[in-house]
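# Residue-level structure breakdown
Below, each chain spelled out in residue letters.
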Amino acid sequence: MRTPSESTDLTSGERAIDARVRAVLARLPRRGPLAWLTEFLAFGLKQAWACVFGGAMLAVIMAAHLWYPEDAALARNDALTVAAVAIQVVMVAGRLETLRELRVVLLFHLVGTAMELFKTDVGSWSYAPDGVLRIGAVPLFTGFMYAAVGSYMVRVHRLFDLRFVRYPKRWATAVLAVAIYVNFFTNHYVWDARWVLVAVVVLVFGRCVMQFRVFRFRWRMPLLLAFLLVAFFIWLAENIATWSNAWLYPGQLDGWQPVSPAKLASWFLLMIISVVLVTWISPPEPPDDDPSPRLADDDRSPRPPDDVTAADRRDVMPAAPIRTD
């Protein structure tokens, strides 16, 4: 039987954090309402840790909007680029991100920057014209915002030990991702096929169920619901970023207003591109055939099987929200 620590490798920096978190959570109740609260707490901690790159970027963008001096020698956009590079360096130097994961993050950076160059050229959105660290109308910090999505995707995959039931063929998901990416460009010249692509996504991924380990138990969720939830939180972050004048849509030039909910469809489709890029280094795996506790079908409540010994439970139910060997 493969234990969670064998399928989810931590960086050395994360191991130090894991030891401290384990010491606290191991004392919390294993059953009853407090056990549910413990699962919720562990879920929040893991999600916060997975979002550390994006959260740091968003914090820097908000701080620059609120406090960056207008007469500073370094333009605000250039300061954001320097800060983004510093965040990435700290992530790697502090061993909070592996070099293997960095490859995917850099690929997100390149894919996102290419889209930014096109979208700003056709007027989909715009950035302040200040600064020299830019390519055309696109400040270099923008690529790091896409990289933040990539960082979240690769980190959440290993922190939650994601497994998939009825995952579609990877060649089919790759073809779909390419079609989605191409449509982001061609929709300015020919018919926008995004809603057709959304329907295809539902057909391709509709039967797939994601299993993930939070703390003591494994949980199930339709993969489409996971896509939608992530898209929703990216949309919320986009509202904060546009409020901070990181970039503006045409309708926001005369005064900020919330980003249209229709953008959720774009972020939903972006999830497919993101997932395909992540499967480049982390191929989707099916659940292990082990007695890991799962949501019971009769009462939907998590509970360990009765025939698992205390020693076995230490293998299948790690006492911390982050895996360790």
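Just so it is clear, the structure is predicted and the values come from calculations on it, not from any experiment.

Turning our eyes to something else, we now look at the pairing of strand β5 (residues 218-222). As judged from the five bridges shared by strand β4 (residues 209-213) and β5, these two strands associate in the antiparallel manner. Residue pairing across strands places phenylalanine 212 opposite tryptophan 219, the latter belonging to β5. Joining the antiparallel neighbours β4 and β5 is a turn of four residues.

One non-glycine residue, aspartate 161, lies in positive phi territory at about 50 degrees. Turning to its location among the elements, aspartate 161 is positioned in the loop between α7 (141-159) and β3 (163-165). In the Ramachandran plot, arginine 166 falls in the positive-phi region, its phi being about 60 degrees despite a non-glycine side chain. Residue placement: arginine 166 occurs in the loop between β3 and α8 (170-186).

Structurally, threonine 173 is set in helix α8. Residue classification places threonine 173 among the buried positions, given a relative accessible area of 0%. Within the local environment of threonine 173, its side chain forms a polar contact with the backbone oxygen of arginine 170, the two atoms lying 2.8 Å apart. Contact partners of threonine 173, with chain neighbours within four places excluded, come to Tyr167, Pro168, Phe205 and Val276.

Attention now goes to the sheet that holds β4. Strand order in this open sheet of three strands is β3-β4-β5, and the pairing throughout is antiparallel. Since the sheet does not close on itself, it has two edges, and those belong to β3 and β5, each with one partner. Geometrically, the sheet is characterised by an average inter-axis angle of 30 degrees between neighbouring strands, direction not taken into account. The strands touched by helix α10 (residues 223-243) are β3, β4 and β5; relative to β5, the strand with the most contacts, the crossing angle is about 80 degrees.

With the rule as written, the count across this model stands at three salt bridges. Among the salt bridges present, the one from arginine 163 reaches aspartate 161, with a minimum N-O distance of 3.2 Å. Note on accessibility: arginine 163 and aspartate 161 belong to one class, buried. For the salt bridge of aspartate 161 with arginine 218, the shortest nitrogen-to-oxygen distance reads 3.3 Å. Of this pair, aspartate 161 sits in the loop between α7 and β3 while arginine 218 sits in strand β5, placing them 57 residues apart in sequence. By relative accessible area, arginine 218 is classed as buried at 5%. Taken together, the shared-partner salt bridges in this structure form one network comprising Asp161, Arg163 and Arg218.

Conventions used here
- Residues numbered from 1 in each chain as written.
- Predicted model: local features only at pLDDT ≥ 70, side-chain atom pairs only at ≥ 80, totals over all residues.
- Heavy atoms only, no water.
- Pairing = 2+ DSSP bridges.
- Helix = DSSP H or I, 4+ residues; strand = E, 2+ residues; numbered from the N terminus.
- Buried < 20%, exposed > 50% of the residue type's maximum accessible area, 1.4 Å probe, protein only.
- Polar contact = N/O pair within 3.5 Å; in protein donor to acceptor, adjacent residues only side chain to side chain.
- Contact = heavy atoms within 4.5 Å.
- Axes fitted to C-alpha atoms, helices over the stretch in contact; angles between N-to-C directions.
- Salt bridge = Lys/Arg side-chain N within 4 Å of Asp/Glu carboxyl O.

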